[in-house]
Amino acid sequence: MSNESPQSRLARIRNQLEISGQAHLLKHWDRLNDRQRDELLGDIEQINFAALKGLVNDYVLSGKGFRLPTEIRPVEVYPARPGIDLVGKYADALKRGVALIKAGKVAAFTVAGGQGTRLGFDGPKGAFRISPIRQKPLFQLFAEGIRGSNRRYGADVPWYIMTSPQNDRATREFFAENGYFGLRPERVRFFTQGVMPAFGRDGRILLDQPHRVAFSPDGHGGSLLALKRSGCLAEMAAAGVEVISYFQVDNPLVSVVDPLFLGLHAITGSEMSSKVIPKVDDLERVGNFVIGDGRTMVVEYSDLPEELARARDERGNRLYDAGSIAIHAIDRRFVERLTADEATFALPWHRAVKKVPFVNDAGVRVEPAEPNAIKLEAFIFDAIPLAGQPLVLQTVRSEEFSPVKNDRGVDSAETARRDMVLRAAAWLDGAGYPVPRRADGTPDGLYEISPLLALDAGHLREVLLEPPPMVRGGDVYLE
Ligand code: UTP
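Residues numbered from 1 in each chain as written. Predicted model: local features only at pLDDT ≥ 70, side-chain atom pairs only at ≥ 80, totals over all residues. Heavy atoms only, no water.

Right, let's get into the overall build of the chain. On a plain count of helices and strands, the chain comes out with 14 helices and 21 strands. Since a compact globule built from 479 residues should have a radius of gyration of about 23 Å, the 24 Å found for the chain is in line with a globular shape. Taken over the C-alpha atoms alone, the chain extends approximately 75 × 55 × 50 Å along its principal axes. Buried positions account for 53% of the 479 residues belonging to the chain. Long-range pairs, those at least 24 residues apart, make up 75% of the contacts in the chain with a sequence separation of at least 6. With the model as given, the accessible surface of the chain reaches about 22100 Å², and the carbon-plus-sulfur share is 49%. Computed over 61 positive and 63 negative side-chain charges, the inter-centroid distance for the chain is 1 Å. (Helix = DSSP H or I, 4+ residues; strand = E, 2+ residues; numbered from the N terminus. Rg over C-alpha atoms; globule rule 2.2 N^0.38 Å. Buried < 20%, exposed > 50% of the residue type's maximum accessible area, 1.4 Å probe, protein only. Contact = heavy atoms within 4.5 Å. Areas by Shrake-Rupley, 256 points an atom, 1.4 Å probe, with all protein chains shown as cover. Lys, Arg positive; Asp, Glu negative; His and termini not counted. Charge placed at Lys NZ, Arg CZ, Asp CG, Glu CD.)

Pasting the structure below:
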């Protein structure tokens with residue numbers, strides 16, 4: 001298209017817009033300068049017009065959304081601690097996982113393209129300072145997790161970070177300003193995810209400015225196609241990476257490359273594996289792993305019928321108790337297979353009604369007081385039903401999951417810091433150095449253990465050979 005004249009480019013786009021009922025996007029054309037016109041056309045060219053009509057009909061106007069499978073049953077879950085029957089398998093898995101990490105066959109992968117609107121932090125969420133004593137940003141904790149793993153396993157794990165067009169530059173600058181938190185810059189690979197326009201309830205795409213389409217990132221499910229389009233998949237293949245260790249930017253407790261999980265994934269021949277936790281209550285707002293019409297899948301809490309959410313087995317245990325925590329091991333070859341035909345690959349879209357500022361037909365920017373727009377996002381867990389032998393491993397919430405989603409209350413910075421302290425204190429207790437506690441049993445003081453020192457409780461026991469200085473109400477930071 002490079003030798004297309006500006007006139008024919010405009011005519012082509014105008015035509016496309018008319019056919020698809022989006023001609024209003026050029027409404028303010030006459031008052032734009034040349035640079036703005038070019039930007040607007042560039043934005044419009046990013047829209048997938050081939051799929052647009054179907055998308056608007058199915059998801060914006062009618063909310064086709066999720067269809068509950070006809071037959072739902074509980075999923076089989078590998079336990080957090082192996083029973084006698086599984087001890088050997090877990091030992092083999094651990095060995096295999098360590099070998100994979102050591103051999104450079106595992107890449108860490110953080111999805112960090114979200115907008116973090118609930119947290120309301122001005123900057124990429126990974127730059128949010130979270131650790132209880134040193135106030136390390138989330139990205140630093142993950143970087144230290146990688147450095148700690150490199151040291152422990154004699155490895156050099158590459159780290160892929162997916163950003164969005166909105167936060168890519170700020171993310172890269174944050175790493176550069178902080179010396180990549182001690183990692184070699186060439187081992188940290190940023191790439192940008194795709195975007196999706198926001199729609200008015202009438203199916204019309206919204207303008208953010210007279211010359212800019214209101215785009216937002218296309219969801220963490222967009223990571224699969226973004227891995228392909230960015231060339232990262234091909235780079236991984238060339239470097240011998242076989243398994244992608246996927247996690248979200250908002251969980252400071254995550255184990256960035258967990259040998260047991262990665263090893264189980266490998267020895268069971270799973271193409272996509274997931275970690276789950278038991279739910280705190282029947283209706284906890286986490287996705288539920290189930291077998292739906294014969295396939296392992298995640299059903300969102302809002303889609304799981306209440307009688308299933310409350311169902312019990314004959315021993316009184318919750319039947320649907322595998323809550324999703326968005327930690328996955330994904331085969332590189334599986335992503336290659338799914339995205340082989342870029343033009344046709346798509347995960348289902350999830351629809352959310354949100355407040356999106358927009359420019360109206362009169363050219364006035366409106367800040368809506370009520371949700372006015374439909375945003376469409378793809379979710380990574382929708383790839384699970386497409387995977388061969390998907391494995392589900394239970395883990396312990398207090399060890400691995402405390403996301404920073406909200407600015408206060410549940411899943412906030414406050415709860416994540418509390419959980420970091422509780423975990424550090426539990427590790428110290430386990431290493432034989434009981435921490436001073438208050439009458440209610442909570443640690444008296446703040447505790448923080450850098451992943452550079454220890455990656456789990458067992459690791460701390462190995463490396464901490466002397467009691468750390470601990471006083472009631474004091475801060476204990478260990479590195
Ligand atoms: P969330 O679902 O919490 O969304 O993302 P969010 O956009 O970060 O936050 P809110 O809903 O606006 O408050 C879960 C993970 O998926 C990533 C996020 O960065 C986070 O790690 N994500 C989400 C993407 O990488 N891209 C997206 O388009 C959406």
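Picking up after the structure, the text goes on.
For the rest of this paragraph, the subject is the packing of aromatic side chains. The tally for this structure, following the rule as stated, stands at 14 aromatic pairs. Seen in terms of ring centroids, F109 and F191 are 5.8 Å apart; in terms of plane orientation they differ by 25°. Their pairing is stacked. Of this pair, F109 sits in strand β2 (residues 106-111) while F191 sits in strand β4 (residues 188-192); the two residues are 82 residues apart in sequence, bridging distant segments of the chain. Taken individually, F109 and F191 each receive the classification buried, so the pair is uniform in this respect. Ring centres 5.1 Å apart and planes at 75° place the aromatic pair F175 and F190 in the edge-to-face group. Here the residue F175 occupies a position in helix α6 (residues 168-177), and F190 occupies one in strand β4, the gap between them amounting to 15 residues. Exposure remark for F175: the relative accessible area of 0% places this residue in the buried category. (Phe/Tyr/Trp six-rings, centres within 6.5 Å; stacked < 30°, edge-to-face > 60°.)

Another aspect to go through is the nonpolar core. The nonpolar side chains of a soluble globular protein tend to be buried with one another. One finds I44, F109, L227 and L376 to be the most contacted residues of the largest nonpolar core, which totals 65 residues. When residues in this core are grouped by element, the largest group, six residues, is from helix α3 (residues 49-61). Here L376 is in contact with L55, Y59, V60, M196, F199, D218, W349, H350 and R351, once residues within four sequence places are set aside. F128, F139, F174 and L260 belong to the second-largest nonpolar core, a separate cluster that totals 53 residues. (Core = buried A, V, L, I, M, F, W, Y, C linked by side-chain atoms within 4.5 Å.)

Turning our eyes to something else, we now look at the site of the ligand. Taken together, 18 residues surround the ligand, and among them V111, T117, Q193, G219 and K405 come closest. At a separation of 2.8 Å, an oxygen atom of the ligand approaches a polar backbone atom of Q115. Between K405 and the ligand, the recorded distance is 2.8 Å, taken from a side-chain N or O atom to an oxygen atom. Burial of the ligand by the protein chains amounts to 91% of its free accessible area of 570 Å². Its residues placed into classes, the shell around the ligand shows five nonpolar, nine polar and four charged. (Near = heavy atom within 4 Å. Polar contact = N/O pair within 3.5 Å; in protein donor to acceptor, adjacent residues only side chain to side chain. Nonpolar A, V, L, I, M, F, W, Y, C, P; charged D, E, K, R; others polar.)

Attention now goes to helix α9 (residues 259-267). In terms of burial, α9 is a largely internal element, seven of the nine residues being buried. Of the positions making up α9, those classed as buried are P259, L260, F261, L262, G263, L264 and H265. For α9, the N-terminal capping position is held by D258, with its side-chain oxygen 3.1 Å away from the main-chain nitrogen of L260. After α9 finishes, the residue G269 shows a positive phi value of roughly 70°.

On to the sheet that holds strand β18 (residues 373-378), then. Strand order across the open sheet formed by three strands is β6-β18-β15, with antiparallel pairing between neighbours. The strands lining the two open edges of the sheet, one partner per strand, are β6 (199-200) and β15 (349-354). Pairing between β15 and β18: six bridges, direction antiparallel. Directly across from V353, in β18, lies its bridge partner I374. Contacts from α3 reach β6, β15 and β18 within the one sheet, and its direction differs from that of β18 by about 105°. (Pairing = 2+ DSSP bridges. Axes fitted to C-alpha atoms, helices over the stretch in contact; angles between N-to-C directions.)

In this section: the pairing of strand β3 (residues 159-163). With five of its five residues buried, β3 lies for the most part within the structure. Where β2 lies against β3, four bridges are found, and the strand directions are parallel. Paired with T110 across the strands is I161, a residue of β3. For the crossover from β2 across helix α5 (residues 138-153) to β3, the handedness is right-handed. Looking at chain direction, β3 and β4 are connected through five bridges and run parallel. If you follow I161 over to β4, its bridge partner there is F190. (Right-handed = clockwise from strand over helix to strand, strands pointing away.)

Before going further, it helps to examine the pattern of salt bridges. The final tally for this structure, using the stated rule, is 41 salt bridges. Between E342 and R229 there is a salt bridge; the shortest N-O distance is 2.9 Å. Taken together, the residues E342 in the loop between α11 (332-338) and β15 and R229 in helix α7 (residues 223-229) connect sequence positions 113 residues apart. With a relative accessible area of 29%, E342 lands in the partly exposed category. (Salt bridge = Lys/Arg side-chain N within 4 Å of Asp/Glu carboxyl O.)

With that out of the way, let us pick up the side chain of R9. Its location among the elements puts R9 in helix α1 (residues 6-19). There is a polar contact of 2.9 Å between the side chain of R9 and the side chain of E45. Among residues more than four places away in sequence, those in contact with R9 are E4, D38, L41, G42 and E45.

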